[in-house]
Amino acid sequence: MAPAAVGVAVFSLALIPTAGQAPVAQPQARTQPRTPDGKPNLNGIWQVLGTAHWDLQPHSAREGFPAGQGVVEGDDIPYQPWAAAKKKENFEKRLTADPLTKCYLPGVPRITYVPFPFEIVQTPKYLAIAYEYAHATRIIYTDGSPHVEAVDFWMGDSRGRWEGDTLVVDVTDFNDKTWFDMAGNFHSDALHVVERYTPTDPDHMNYEVTIEDPKVFTRPWKMSMVLYRRVEKGLQLLDYDCVGFFWEKFLTGK
């Protein structure tokens with residue numbers, strides 16, 4: 001044990017500047033970039049690095065599914081009894097029943113954490129988001145305009161506002177045809193989503209989502225994860241046109 005202790009002491013002393021030696025410079029905190037109107041600058045390409053797309057809850061690895069620690073607050077999705085049975089059925093049929101196997105749009109919030117990047121373009125009146133997956137797009141209006149009425153969308157209708165440095169996005173007007181993940185977690189057309197995008201430094205955002213659906217769940221519930229800014233030189237969104245893949249599989253029977 002003595003040699004180890006001596007080694008630690010020597011290492012610690014090496015960190016102390018000697019006479020005439022300049023102190024080691026400490027890294028400076030990076031300033032959050034802002035747009036001309038003073039809002040956090042979210043422009044750029046972002047991506048979730050995690051396993052929420054495969055299963056929102058903690059799960060072990062299985063064929064086609066990497067292991068994950070889960071992103072749901074409390075690890076519990078509060079299904080009504082009938083809906084819990086439906087989720088189990090979805091899971092058993094997931095390889096063919098997941099809407100993404102037919103190249104349907106993933107919906108919100110799943111489009112954020114499919115394993116593909118997305119690009120935000122920010123203006124004072126709206127944010128436009130282009131997703132690499134299936135040419136999906138969203139416009140989040142921040143001009144105070146109301147939701148549209150009596151219409152449903154695969155990606156919902158998004159209206160945003162700023163609460164300090166957090167972009168809060170209210171999303172309604174969904175259809176009932178998307179899932180939250182590949183494990184069969186689902187919703188109805190009564191889905192109401194509230195997203196919160198909070199920058200924690202120039203290259204990271206906390207992404208928190210509140211889910212409400214009185215037809216399926218007994219109470220609202222939350223998930224959260226980190227968005228990472230992609231900073232590779234020359235990076236751009238590429239093309240993942242799953243429609244072509246779907247028809248190739250359909251026509252060849254493979």
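Calculation notes
- Residues numbered from 1 in each chain as written.
- Predicted model: local features only at pLDDT ≥ 70, side-chain atom pairs only at ≥ 80, totals over all residues.
- Heavy atoms only, no water.
- Disulfide = S-S within 2.5 Å.
- Helix = DSSP H or I, 4+ residues; strand = E, 2+ residues; numbered from the N terminus.
- Buried < 20%, exposed > 50% of the residue type's maximum accessible area, 1.4 Å probe, protein only.
- Salt bridge = Lys/Arg side-chain N within 4 Å of Asp/Glu carboxyl O.
- Phe/Tyr/Trp six-rings, centres within 6.5 Å; stacked < 30°, edge-to-face > 60°.
- Pairing = 2+ DSSP bridges.
- pLDDT = per-residue confidence, 0-100.
- Contact = heavy atoms within 4.5 Å.

Caption draft 1: How the structure looks around the state of the cysteines. Here the structure, examined in full by the defined rule, presents 1 disulfide. Across the disulfide, Cys-103 is cross-linked to Cys-242 (sulfur-sulfur distance 1.8 Å). Across the S-S bond linking Cys-103 and Cys-242, the dihedral sits near 65 degrees, which makes this disulfide right-handed. With a gap of 139 residues between them, Cys-103 in the loop between α3 (94-97) and α4 (110-113) and Cys-242 in helix α5 (residues 242-252) connect regions that are remote in the sequence. Across the pair, exposure class does not vary: Cys-103 and Cys-242 are buried alike.

Caption draft 2: Highlighting the pattern of salt bridges. By the definition in use, this model includes 14 salt bridges. Arg-62 is the partner of Asp-55 in a salt bridge, and the nearest nitrogen-oxygen pair spans 3.6 Å. Here Glu-195 and Arg-138 are joined by a salt bridge, their closest N and O atoms 2.7 Å apart. Of the two residues, Glu-195 sits in strand β7 (residues 192-201) while Arg-138 sits in strand β4 (residues 137-141), which places them 57 residues apart along the sequence. Its relative accessible area of 4% is what places Arg-138 among the buried residues. Taken together, the shared-partner salt bridges connect Lys-86, Glu-89 and Lys-93 into one network.

Caption draft 3: Representation of the packing of aromatic side chains within the structure. For the structure on display, the rule yields 12 aromatic pairs. Considering the side-chain rings of Phe-116 and Tyr-240, the 4.6 Å spacing of their centres and the 45 degrees angle between planes classify their relative orientation as tilted. With Phe-116 in the loop between α4 and β2 (118-122) and Tyr-240 in the loop between β9 (221-229) and α5, this pair connects stretches of sequence that are 124 residues apart. Phe-116 sits in the buried class, given a relative accessible area of 16%. The class of Tyr-240 is partly exposed, set by a relative accessible area of 28%.

Caption draft 4: Just the pairing of strand β6 (residues 166-172), in detail. Burial runs high along β6: 7 of the 7 residues are buried. Taking every second residue as pointing to the same face, both faces of β6 are buried, with Thr-166, Val-168, Asp-170 and Thr-172 on one and Leu-167, Val-169 and Val-171 on the other. In terms of strand pairing, strand β5 (residues 157-163) meets β6 through 7 bridges, oriented antiparallel. If you follow Gly-160 over to β6, its bridge partner there is Val-169. In this sheet, β7 lies alongside β6 in antiparallel orientation, the contact comprising 5 bridges. Pairing of Leu-167 across the sheet is with Tyr-197, part of β7.

Caption draft 5: Quick look at the confidence of the model for the protein chain. Per-residue pLDDT for the protein chain averages 90, and the proportion of residues at 70 or more is 88%. Low pLDDT, under 50, characterises residues 1-16; the predicted model gives this stretch 0 contacts beyond four residues in sequence or across chains.

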